[in-house]
Protein chains: 2
Amino acid sequence: MANKAAGTKGKGGAKLAKSSDRGSTRAAAKAGDTAKKIESLALFVASSARKQQSPRMEIPTRSLSNVRFDPKKAIIEMGSNKQAREFFDLGMAKKFMQTLLIASACKQLISAGKTASIRQLYYMSKHDVAGTREKTFNDQAESDPIIEDLEVSIDALREELHVFASNRGALVGPVTLVDDGNTLDCMRMGSAGYAVPGIVEPDVIQFKKCTAKYILHVEKDTIWRRFYEDRFHEKHQCIVTHGGGQPARGMRRLLRRMHQELKLPIYCLLDNDPWGYYIYSVIKQGSINLAYESRRMAVPAARFLGVSSFDYDRCGLSDDVKIGLEDGDIRLAKQILAYPWFKGKKPWEKEIRKMIQNGFKMEVEAMINKRLTYLTEEYVPMKIRDKKQWLD
Amino acid sequence: MANKAAGTKGKGGAKLAKSSDRGSTRAAAKAGDTAKKIESLALFVASSARKQQSPRMEIPTRSLSNVRFDPKKAIIEMGSNKQAREFFDLGMAKKFMQTLLIASACKQLISAGKTASIRQLYYMSKHDVAGTREKTFNDQAESDPIIEDLEVSIDALREELHVFASNRGALVGPVTLVDDGNTLDCMRMGSAGYAVPGIVEPDVIQFKKCTAKYILHVEKDTIWRRFYEDRFHEKHQCIVTHGGGQPARGMRRLLRRMHQELKLPIYCLLDNDPWGYYIYSVIKQGSINLAYESRRMAVPAARFLGVSSFDYDRCGLSDDVKIGLEDGDIRLAKQILAYPWFKGKKPWEKEIRKMIQNGFKMEVEAMINKRLTYLTEEYVPMKIRDKKQWLD
């Protein structure tokens, strides 16, 4: 695989500069698009009012009942159910007003070329409702779902609305990218790597050059540091990323973009516990809560390298690595087993059942019990070589 | 202040390269020192055994009773109480063995030029006690305090023992540093800034050039991003740092090094709540738990810019920014008021009492309620200009 991927890479690299230039123009167009979509929403509301009709919007339903797994695309998607939100409806009037306030704040952000966090957007939009003592928003729990409503209504990613999530996660490896006008060689960004920002859309980040063969995604910064220090990225010409736990939107979107635009396979190295399976599932298929974003965030071709429930015997580990399963682990494992995207996949069913049968879970970090560099010098190279051990 | 600091800077910059070269040599010597200290510990134990005495170590007491605030140095320090840990004592034998195991693992790390997280150190040191079915460590809660024991016993920072904490926090600003051999201009590190690693000792990080006038430390990455996007670091020629909440060891140590070696004043911008006061207190005086590290981590000259309880009236804020105090907040505020390093400082007593009297707390982010750029274009510049508003 390595050779083949490397071969593709040469060509990929050459095509890259051009495609990212185009990416940048496309991005500017995209920002204009998003602003236009908000305007259309506003015009639609205004025109209903002018026609003396109740101003209304159509909002796709963001509930579990409207989420489905598309086995062909292999991602979690939203169905087509919609709800009307009307102004002349006592139960909806406040939410209607809130939706327009958030839309208006996003439009301001886009026009000013600025971004804000969801908390900042809340404070921007909070004020007295004219002539009353009521607040437009009482707390952020009211504004967050409205942002999501807006995203699905006008079909724009949160980042396209200029709303940012956490800067979390980092990477190291042979890729050169431009971030906010700074050309950065990600092989030489210091001992904590290149910090992945909350917004990684093509107007902020463009890829310049890449000679990496694949991406290895690990869960936490402490494991990432093990790979960094052992120079795994140099020895194996790959990009090593971490999400600081469940990866934030920026990291997920960057993984997706690197996979798609740089044609890089993605391998995940996560703990052998239900949480590890879940992180993998979100990277691969998307999350249930944000089903409408899978299309632009999920990486259906991501592969799970380990830690697998079978590794205890396979790698001859000692019982020092065992952490007893708790009831909650078993419950969550069974839940995951029932996800339509795991269900029916024999190797995954075996994997999860084996964990329950083992009665223990194992952390990636536990592999160090053998030897400090066992993880980076033996375990992962062995896993990458032996395709039969990959879980899809 | 700004001009004076800038003046000093020119000279500071010139002196820098040399002092950091020396720093590097010092650092190598330091690593040797730490290894030697571990050897001495081992030799002492071995020689007691040879003399047919009970092998023993002296370990400074890490309890609240042995912590005191030194008003002259203005840091929290450890007292001089020590406890003997003896091998031939049923209650101490296991801890004795554990201390030597951890010391031995650290010595291995130093010799191999490798580092490990506290979790990795746990897995490295966990195994069966020869001839028994007992484990050397049952979980990490057993190994963590032993690492701290070792730190105080041989007077070495955790980082000098090659044990790393989280890579957390980032910065942007006119400072060029060398991190792991990579020369990095921190003005051009992309939109999430330079990622601060868990270990920032002089053998990893050296300062090359600095034209910054001061450091502004903010709590979270979302606020940091506001400053970054509004180009605060360019307009005010300063370094803007964030710790991702309570700053990790790497960030604290880097603040301390930049303050000391680059002669930069440090201003903190934190939430107006007990947690904000607490973060400030840890940056400034050190923490009670890790009192023995204050000497090398604390920045007694750090200043608190805000958000102050008096800003509600002073800045003409609307009640949109108010978040009601909870019982826990009031309890914690009173606790902080009683800390010896706040007690007797009139401005701090007024500040904390005013918050309790207000009955509400305020987040830094809430300043955005006025205007998206109010924080970066008016609030902080006003605070930096008006020394009378600083809290010491």
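Since this is a predicted model, take the numbers as computed values, not measurements.

Reading guide: rules and limits
- Residues numbered from 1 in each chain as written.
- Chains lettered and ligands numbered in written order.
- Predicted model: local features only at pLDDT ≥ 70, side-chain atom pairs only at ≥ 80, totals over all residues.
- Heavy atoms only, no water.
- Helix = DSSP H or I, 4+ residues; strand = E, 2+ residues; numbered from the N terminus.
- Expected span 1.5 Å × (residues − 1).
- Buried < 20%, exposed > 50% of the residue type's maximum accessible area, 1.4 Å probe, protein only.
- Contact = heavy atoms within 4.5 Å.
- Pairing = 2+ DSSP bridges.
- Axes fitted to C-alpha atoms, helices over the stretch in contact; angles between N-to-C directions.
- pLDDT = per-residue confidence, 0-100.
- Phe/Tyr/Trp six-rings, centres within 6.5 Å; stacked < 30°, edge-to-face > 60°.
- Lys NZ or Arg CZ within 6 Å of the ring centre and 35° of its normal.
- Buried area = accessible area lost by both parts, 1.4 Å probe.
- Salt bridge = Lys/Arg side-chain N within 4 Å of Asp/Glu carboxyl O.
- Least-squares fit on C-alpha atoms with pLDDT ≥ 70 in both.
- Domains from an automatic or database assignment.
- Polar contact = N/O pair within 3.5 Å; in protein donor to acceptor, adjacent residues only side chain to side chain.
- Disulfide = S-S within 2.5 Å.

Asker: I would appreciate a short explanation of helix H13 (residues 374-385) of chain A in the present structure.
Answerer: Side chains that are three or four residues apart share a direction in an α-helix, a result of its 3.6 residues per turn. Residues and elements named next belong to chain A. Here H13 is twelve residues long and its end C-alpha atoms lie 15 Å apart, about the 16 Å a rise of 1.5 Å per residue gives. Here H13 lies mainly inside the structure; nine of its twelve residues are buried. Against strand S12 (215-218), helix H5 (221-229), helix H6 (232-235), strand S14 (266-269), strand S15 (303-306) and helix H10 (311-314) lie the buried residues of H13.

Asker: Which parts of the structure should I look at to understand the sheet that holds strand S11 (residues 205-210) of chain A?
Answerer: Where strands meet in a sheet, backbone hydrogen bonds hold them as pairs that are either parallel or antiparallel. All names here are of chain A. On the basis of which strands lie adjacent, the open sheet formed by three strands has the order S9-S8-S11 and antiparallel pairing. Where the open sheet ends on each side, the last strands, each with one partner, are strand S9 (182-185) and S11. In this sheet, adjacent strand axes meet at a mean angle of 20 degrees when their direction is disregarded.

Asker: It is not clear to me how the confidence of the model for chain A should be interpreted in this structure. Could you clarify?
Answerer: Interpretation of this model should avoid reading the predicted coordinates in detail wherever pLDDT is low. Across chain A, the average pLDDT comes to 89, with 92% of residues at 70 or higher. Listed scores for the predicted complex are pTM 0.89 and ipTM 0.88.

Asker: Mind showing me how you'd approach the sheet that holds strand S8 (residues 175-179) of chain B here?
Answerer: Residues and elements named next belong to chain B. Pairing is antiparallel in the open sheet, where three strands are placed in the order S9-S8-S11. Of all strands in the sheet, those with a lone pairing partner are strand S9 (182-185) and strand S11 (205-210), marking the two edges. With direction set aside, neighbouring strand axes in the sheet form an average angle of 20 degrees. Relative to S11, S8 runs antiparallel, the two sharing five bridges. Its bridge partner being in S11, Asp179 is matched across the sheet by Ile205.

Asker: Just to check I follow, could you spell out the packing of aromatic side chains for this structure?
Answerer: Each aromatic ring pair is characterised by the separation of its centres together with the angle its planes make. Taken as a whole, this structure holds 38 aromatic pairs over all chains when the rule is applied. The interplanar angle of 50 degrees and the centroid separation of 6.3 Å between the aromatic rings of Tyr374 of chain A and Tyr379 of chain A together place this pair among those described as tilted. The pair formed by Tyr374 of chain A and Tyr379 of chain A is uniform in burial state, with each residue classed as buried. Feature note: the residues Phe69, Tyr277, Tyr280, Phe304, Tyr339, Trp341, Phe342 and Trp348 of chain A constitute an aromatic cluster, connected by ring pairs. Cation over ring: Arg225 of chain B sits above Phe164 of chain A, and NZ or CZ is 4.6 Å from the ring centre. Note that Arg231 of chain B overlies the ring of Tyr228 of chain B, its terminal NZ or CZ placed 4.9 Å from the centroid.

Asker: Any chance you could explain the interface of chain B and chain A here in plain terms?
Answerer: Listed per partner, the contact involves 57 residues of chain B and 57 residues of chain A. Taken together, the two surfaces of chain B and chain A that pack against each other cover about 4,500 Å², and 44% of this comes from carbon and sulfur. Linking chain B with chain A are ten salt bridges. With a shortest N-O distance of 2.6 Å, Glu363 of chain B and Arg119 of chain A are connected by a salt bridge.

Asker: How should I be thinking about the relation of the copies chain B and chain A in this particular structure?
Answerer: A rotation about an axis combined with a shift along that same axis relates the two copies of the chain. Least-squares fitting of chain B to chain A yields an RMSD of 0.0 Å, with the superposition described by an axial translation of 0.0 Å and a rotation of 180 degrees. Classification of the inter-copy transformation places it as that of a two-fold axis. Using C-alpha coordinates, one finds that chain B approaches the rotation axis most closely at Ala195 of chain B, a distance of 2.7 Å. Mapped onto chain A, 100% of the interface residues of chain B again fall at the interface, so both copies present the same surface.

Asker: Hey, could you run me through the environment of His236 of chain B in this one?
Answerer: Residues and elements named next belong to chain B. Along the chain, His236 turns up in the loop between helix H6 (232-235) and strand S13 (239-242). As a C-alpha pair, His236 and Gly173 span 63 residues in sequence and 9.5 Å in three-dimensional space. Filtering out sequence-adjacent residues up to four positions away, His236 remains in contact with Lys213, Tyr214, Thr376 and Pro381.

Asker: Could you clarify how one ought to interpret the domain arrangement of chain A in this entry?
Answerer: A common way to express how large an interface is: the accessible area buried when the components associate. Residues and elements named next belong to chain A. Domain annotation of chain A identifies domain 1 (2-17 + 166-389) and domain 2 (27-164). Using C-alpha coordinates to define each centre, domain 1 is positioned 33 Å away from domain 2. Summing both partners gives a buried area of about 2,000 Å² for domain 1 against domain 2, and 66% of it is carried by carbon and sulfur. Sorting the residues of domain 1 by area buried against domain 2 places Ile199, Tyr292 and Arg296 first, and these three jointly supply 29% of that buried surface. Our count for the domain 1 to domain 2 interface comes out at four salt bridges. With a closest N to O distance of 3.0 Å, Arg295 and Asp155 form a salt bridge. Linking domain 1 to domain 2 there are five residue pairs in polar contact (both at pLDDT 80 or more). Of all the secondary structure elements, the ones that give two or more residues to the side of domain 1 that touches domain 2 are helix H7 (249-261), helix H8 (274-285) and helix H9 (294-297). Sorting elements by how many residues they give to the side of domain 1 that touches domain 2 places H9 first, with three residues.

Asker: Just to check I follow, could you spell out the side chain of Lys383 of chain B for this structure?
Answerer: Residue and element names in this part refer to chain B. Relative to the helices and strands, Lys383 is located in helix H13 (residues 374-385). For Lys383, a relative accessible area of 0% translates into the label buried. Setting aside chain neighbours within four positions, we find Lys383 in contact with Leu305, Ser308, Asp311, Arg314, Gln389 and Trp390.

Asker: Explain the state of the cysteines to me, please; I cannot follow it from the model alone.
Answerer: A disulfide bridge is the covalent bond that connects two cysteines by way of their sulfur atoms. All names here are of chain B. Within this structure, the stated rule accounts for zero disulfides over all chains. There is no disulfide at Cys186, and the cysteine sulfur nearest it, in Cys210, is 9.5 Å away. Left without a disulfide partner, Cys238 is nearest to the cysteine sulfur of Cys210, which lies 11 Å away.

Asker: What's the story with the pattern of salt bridges in this structure? I'm lost.
Answerer: Pairing between side chains of opposite charge can happen when the charged atoms of each approach one another. Residues and elements named next belong to chain A. Counted by the stated rule, this structure contains 78 salt bridges over all chains. We note a salt bridge from Glu365 to Lys220, for which the minimum N-O separation is 3.9 Å. Here Glu365 is found in the loop between strand S17 (360-361) and H13, whereas its partner Lys220 is found in the loop between S12 and H5, with 145 residues between them in sequence. Residue class for Glu365 comes out buried when judged on its relative accessible area of 2%. Residue Lys220 is classed as partly exposed on the basis of its relative accessible area of 25%. Across the pair Glu378 and Arg371 runs a salt bridge, and its minimum N-O distance is 2.4 Å. According to the relative accessible area criterion, Glu378 is partly exposed, its value standing at 39%. By relative accessible area, Arg371 is classed as partly exposed at 35%. When salt bridges with common partners are traced through the structure, they connect Arg62, Arg85, Glu148, Asp149, Glu151 and Arg158 into a single cluster.

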